[in-house]
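Results of the structural survey
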Amino acid sequence: GDPEIYNKDGSLYLALEKKFPGKNFTMRFEDEIHGFVARGAIKDGQFKAGDGQTTKENVEKCVREIEKFFERHALWKDVVEMKVSTKKPVSFYVKSANAFLSGVEAKEATDDKEAQEAKPPISTLKISGLGDAINTAVAAATRAEAEGVGTITKVETSYPEMTSGRGCAQVMITVKRKQ
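Position numbers for residues count from 1 along each chain, tracking the sequence in the order it is written. Confidence filtering applies because this is a predicted model: local features only for residues at pLDDT of at least 70, side-chain atom pairs given and counted only at 80 or more, and all residues used for totals across whole chains, interfaces and linings. Side-chain numbers here rest on the full set of heavy atoms in the structure, without hydrogens or water.

**Quick notes on the environment of Arg-64**
Here is the rule: Only DSSP runs of H or I with at least four residues qualify as helices, and only runs of E with at least two residues qualify as strands; both kinds are numbered from the N terminus onward.
Considering the arrangement of structural elements, one finds Arg-64 in helix α3 (residues 52-72). Remark: the alpha-carbon pair of Arg-64 and Pro-160, spanning 96 residues in sequence, is separated by 21 Å.

Spelled out as structure tokens, the structure:
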């Protein structure tokens, strides 16, 4: 396996956590050797960093976790996370969701507004809401689907702990743009 610096209490992980708090993730595969994901089960006679059913399952698990990390932090191209709150009206988030999924045409400057560049539609919108904003998230997603600009493909609920030490209900709704 890899050195202990990659553990949650390891120096590298702690340094990353200091610079990017809450945005890091580590997962250990103690029975695998370094490079097993990229170099596992290469042809016989060539260097192998792992082999067999266990390595295959671990590679699949690791790749799934990488995908989740990229999705959670909106690192996939054309994926945007829209965090809703109760500070703005539901109609604001409905319009925003539609704009993300449909794209926005360029607008020329007017006396009271600056020019606006055209923005292409995104492929995936993740709408999240905490506590009282859950209804806002649901309304924005269901309206996008009802208006034909997107399809709800996933609804996730969780109860993350807040800085106050208490938990709070959360929803994350994935909406894919209709082609």
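**Some remarks on the sheet that holds strand β4 (residues 170-177)**
The strands making up a sheet associate through backbone hydrogen bonding, with each pair oriented either parallel or antiparallel. The criterion, for reference: Two strands are said to pair when DSSP picks up at least two bridges between them. The convention used is that axes are lines fitted to C-alpha atoms, helices contributing only their stretch in contact, and that angles between N-to-C directions extend from 0 to 180 degrees.
One open sheet holds the four strands; their spatial order is β1-β2-β4-β3, and the pairing between them is mixed. The open sheet is flanked by β1 (79-84) and β3 (150-158), the only strands paired with a single partner. When the angles between neighbouring strand axes are averaged without regard to direction, this sheet yields 20°. The pairing of β3 with β4 spans eight bridges and is classified as antiparallel. Each bridged residue has a counterpart across the sheet, and for Val-155 the counterpart in β4 is Ile-173.

**Observations regarding the packing of aromatic side chains**
Condition: Whether two aromatic rings pair depends on their centres lying within 6.5 Å, for rings of Phe, Tyr and Trp, where Trp uses its six-membered ring; planes under 30 degrees apart make the pair stacked, over 60 edge-to-face, and the rest tilted. Residue exposure (1.4 Å probe, protein chains only): buried if accessible area is under 20% of the type maximum, exposed if over 50%, otherwise partly exposed. We call a charge positioned above a ring when the Lys NZ or Arg CZ atom is no farther than 6 Å from the ring centre and deviates by at most 35 degrees from the ring normal.
This model, assessed by the stated rule, comprises one aromatic pair. Here the aromatic rings of Phe-92 and Tyr-93 are separated by 5.1 Å at their centres, their planes lie at 85°, and the arrangement is edge-to-face. Given a relative accessible area of 6%, Tyr-93 falls into the buried group. If you follow Lys-88 out to its NZ or CZ, it ends over the ring of Phe-92, 4.3 Å from the centre.

**Comments concerning the pairing of strand β2 (residues 124-130)**
Burial of β2 is extensive: six of the seven residues sit out of reach of the surface. Strand direction decides the pairing type here: β2 and β4, joined by seven bridges, are antiparallel. Bridge pairing in β4 places Ile-127 opposite Ile-173.

**Observations regarding helix α4 (residues 90-102)**
An α-helix turns once per 3.6 residues; consequently, residues spaced three or four apart project the same way. For clarity, the cut-off: For a helix, the expected span equals 1.5 Å multiplied by the residue count minus one. Two residues qualify as a contact provided that any one of their heavy atoms is within 4.5 Å of a heavy atom in the partner residue.
Taking 1.5 Å per residue as the helical rise, α4 with its 13 residues ought to reach 18 Å, and the 18 Å between its terminal C-alpha atoms agrees with that figure. The inward-facing, buried residues of α4 contact β1, β2, α5 (134-146), β3 and β4. Of the residues trailing α4, Gly-103 is marked for its positive phi of about 90°.

**Examining the environment of Val-175**
Following the sequence through the fold, Val-175 ends up in strand β4. According to the relative accessible area criterion, Val-175 is buried, its value standing at 0%. Residues Val-175 and Gly-22, spaced 153 residues apart in sequence, show a C-alpha to C-alpha distance of 25 Å.

**A word on the nonpolar core**
The criterion, for reference: Among buried residues, those of type Ala, Val, Leu, Ile, Met, Phe, Trp, Tyr and Cys that are joined through side-chain atoms within 4.5 Å constitute a nonpolar core.
By size, the foremost hydrophobic cluster in this structure holds 18 residues, and its most contacted members are Met-82, Val-84, Leu-101, Leu-125 and Ile-127. Those elements that place two or more of their residues in this core are β1, α4, β2, α5 and β4. Broken down by element, the residue count for this core peaks at five residues, all from α5. Residue contacts for Ile-127: discarding those within four places in its chain leaves Met-82, Val-84, Ala-97, Ala-137, Ala-140, Ala-141, Val-171, Met-172, Ile-173 and Val-175.

Limitation: the analysis is restricted to geometry and does not speak to function.
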